[in-house]
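What follows is each chain in one-letter form.
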Amino acid sequence: MKLAKLPDRTPVKMGVIFTPGLAQRLREYADFYAETYGSREEVAELIPFMLEAFLDGDAAFKKEKKKVDGTKSSFGE
């Protein structure tokens, strides 16, 4: 079979606490998103995608992850 087994897609709920300043910036970002795309999304809906984009754009993290690929690590777990 060409298709690999699908990865675990069970959502993981995590609780975080933000400083008031960061919470405000996140609300402003959600406003900017709504202005840009014409649809409002809750901050909580945007955060996972923001974090994924941040991690995907971190060259040092990607380099380290590439070194440990194929071995057990805490990166994707």
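Residues numbered from 1 in each chain as written. Predicted model: local features only at pLDDT ≥ 70, side-chain atom pairs only at ≥ 80, totals over all residues. Heavy atoms only, no water.

## A look at the overall build of the protein
Basically, it comes down to this: Helix and strand definitions follow DSSP, with helices as H or I runs of at least four residues and strands as E runs of at least two, each counted in order from the N terminus. Residue exposure ignores everything except the shown protein chains as possible cover, and the areas themselves are Shrake-Rupley values with a 1.4 Å probe.
When helices and strands are tallied, the protein shows three helices and zero strands. Traced from its N-terminal end to its C-terminal end, the protein shows the element sequence α-α-α. Of the accessible surface of the protein, which amounts to about 7500 Å², a share of 60% is contributed by carbon and sulfur atoms.

## Considerations on the pattern of salt bridges
Note the threshold: We define a salt bridge as a side-chain nitrogen of Lys or Arg found within 4 Å of a carboxyl oxygen belonging to Asp or Glu.
Counted by the stated rule, this structure contains three salt bridges. For the salt bridge of R40 with D31, the shortest nitrogen-to-oxygen distance reads 3.0 Å.

## Observations regarding the confidence of the model for the protein
Quick note on the threshold: Residue-level confidence of the predictor is what pLDDT reports, using numbers from 0 through 100.
For the protein, the mean per-residue pLDDT works out to 89, and 90% of the residues sit at or above 70. Looking over the protein, one finds the lowest element-wise mean pLDDT in helix α3 (residues 59–68), namely 89, and the highest in helix α1 (residues 20–37), namely 97.

## A word on the environment of E45
Structurally, the position occupied by E45 is in helix α2 (residues 43–57). Taking the C-alpha atoms as reference, E45 lies 9.5 Å from A30; in sequence the two are 15 residues apart.

## A closer look at the packing of aromatic side chains
The geometry of two aromatic rings is summed up by the distance between their centres and the angle between their planes. Rules: Side-chain rings of Phe, Tyr and Trp (the six-membered ring for Trp) are treated as a pair once their centres are within 6.5 Å; stacked means planes under 30 degrees apart, edge-to-face means over 60, and tilted covers the remaining angles. Burial classes follow relative accessibility: with a 1.4 Å probe on protein chains only, a residue under 20% of its type's maximum area counts as buried, one over 50% as exposed, and anything between as partly exposed.
Overall, the coordinates contain two aromatic pairs when judged by the stated rule. A ring pair is formed by Y29 and F32, whose centres lie 6.4 Å apart and whose planes are at 65°; its orientation type is edge-to-face. With Y29 and F32 both in helix α1, this residue pair falls three residues apart, about one helical turn. On the accessibility criterion, F32 (51% relative accessible area) is exposed. For the pair Y33 and Y37, a centre-to-centre distance of 4.8 Å together with 50° between the ring planes defines the contact as tilted. Of this pair, Y33 and Y37 both sit in helix α1, four residues apart, which is roughly one turn of that helix. Classification of Y37 by relative accessible area gives exposed; the value is 59%.

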